[in-house]
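These are the residues of each chain, in order.
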Amino acid sequence: MSMPERYHPECPPDAHKVIRPAETEVKAQLCVRVPDCEEQNGMDNVTDILSLMSKSPLILCSDKMKELILKSAEQAEIKPVFVRDLGEGKASLAYADGAVGPTVEFHDFAGKAENFKGFLDLLEKNCLISLDMLSMFTLRSISTVFPWDRLLANQFLGQYLDASAQLTEADIKLLTDVRYGRFDALKVEEESKTAYKFLRLERKLFLQYPTEDDD
């Protein structure tokens, strides 16, 4: 994790997409669950992190957090779109202009890494999938790889599942501290091998596989 500053990908947009046409299309949309506890990290910091996910991030949160995010959205140069959880595995998107999108299938996986075992199959469906802030960059990057190389995406997904399964509560706190600039990312390996494993994968994918937002 750990991106308190805006990182620039090592490869230009589409660098990994020019060898051959995409094999499949990603139809799923990824949203980020932002829990109320994120307020303690400072809302300007939170929206800055969300801006690295997308310029128009899809966000699932409480009404309280929605108001706080909107107040900090301008400084982060984002135009958030909020998810309306309709229950029974359904959701829709609520836009800033008051428009509401169609009801779609919703998979609320945030915070449960084991649920992402079938992530690649879901990417081909017209649905919404929630990601937690800990994993959002890794999973977004995997979804970027998937259309061109399913085998590679599956390899990365396996690495993510393995690294996630080894995280302790202390590791999660450490990674959060790194993300918000409270701990030096260069010192993570000596502090925790398991946290470093997760961090190393995220950094690798985030920097090598930009999305269209990075253009």
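Our structure is the block above this text.
Each value, and the rule that gives it
- Residues numbered from 1 in each chain as written.
- Predicted model: local features only at pLDDT ≥ 70, side-chain atom pairs only at ≥ 80, totals over all residues.
- Heavy atoms only, no water.
- Axes fitted to C-alpha atoms, helices over the stretch in contact; angles between N-to-C directions.
- Helix = DSSP H or I, 4+ residues; strand = E, 2+ residues; numbered from the N terminus.
- Parallel < 35°, antiparallel > 145°, perpendicular 65-115°, else oblique.
- Left-handed = near helix turned anticlockwise from the far one by under 90°.
- Contact = heavy atoms within 4.5 Å.
- Nonpolar A, V, L, I, M, F, W, Y, C, P; charged D, E, K, R; others polar.
- Phe/Tyr/Trp six-rings, centres within 6.5 Å; stacked < 30°, edge-to-face > 60°.
- Buried < 20%, exposed > 50% of the residue type's maximum accessible area, 1.4 Å probe, protein only.
- Salt bridge = Lys/Arg side-chain N within 4 Å of Asp/Glu carboxyl O.

K.L.:
Looking at this structure, I do not really get the packing of helix α4 (residues 136–145) against helix α8 (residues 193–208). What am I missing?
P.N.:
For any two helices packed against each other, the geometry comes down to the angle between their axes and how far apart the axes lie. At their nearest, the axes of α4 and α8 sit 9 Å apart, and the two run at 45° to each other. Viewed along their axes, α4 and α8 adopt a mutual orientation that is oblique. Here α4 runs over α8; the crossing is left-handed. From α4, Phe137, Thr138, Arg140, Ser141 and Ile142 reach across to α8, where they touch Leu201, Glu202, Leu205 and Phe206. In the contact of α4 with α8, the residues fall into 5 nonpolar, 2 polar and 2 charged.

K.L.:
I'm lost on the packing of aromatic side chains in this one. Help?
P.N.:
For any pair of aromatic rings, the description consists of the separation of the ring centres together with the inter-plane angle of the planes. This structure, assessed with the given rule, holds 5 aromatic pairs. Aromatic side chains Phe109 and Phe116 sit 5.3 Å apart centroid to centroid with 85° between the ring planes, which places their arrangement in the edge-to-face category. For the pair formed by Phe109 and Phe116, the shared burial category is buried. Plain terms: the ring middles of Tyr160 and Phe198 are 6.2 Å apart, the flat faces sit at 55° to each other, and that makes the pair tilted. Here Phe198 lies in helix α8 and Tyr160 lies in helix α5 (residues 150–165), a separation of 38 residues in the sequence. Ring-pair connections join several aromatic residues into one group, and the members of that group are Phe109, Phe116, Phe119, Tyr160 and Phe198.

K.L.:
Explanation requested: unusual backbone geometry in the structure shown.
P.N.:
In terms of backbone geometry, most residues other than glycine have negative phi values and most peptide bonds are trans. Positive phi, close to 60°, is recorded for Glu77, a residue that is not glycine. Tracing the chain through its elements places Glu77 in the loop between α2 (63–76) and β3 (81–87). Owing to a relative accessible area of 66%, Glu77 belongs among the exposed residues under this scheme. The backbone of Glu88 shows a phi angle near 55°, a positive value even though the residue is not glycine.

K.L.:
Any chance you could explain the pattern of salt bridges here in plain terms?
P.N.:
When their charged atoms lie close together, side chains carrying opposite charge are able to pair. Counted according to the given criterion, the structure contains 10 salt bridges. Where Lys125 meets Glu105, a salt bridge forms, and the shortest distance between an N and an O atom there is 3.0 Å. Of this pair, Lys125 sits in the loop between α3 (119–122) and β6 (127–132) while Glu105 sits in strand β5 (residues 104–107), placing them 20 residues apart in sequence. Overall, the relative accessible area of 26% leaves Glu105 in the partly exposed class. Where Glu202 meets Arg179, a salt bridge forms, and the shortest distance between an N and an O atom there is 2.8 Å. Here Glu202 is found in helix α8, whereas its partner Arg179 is found in helix α6 (residues 169–179), with 23 residues between them in sequence.

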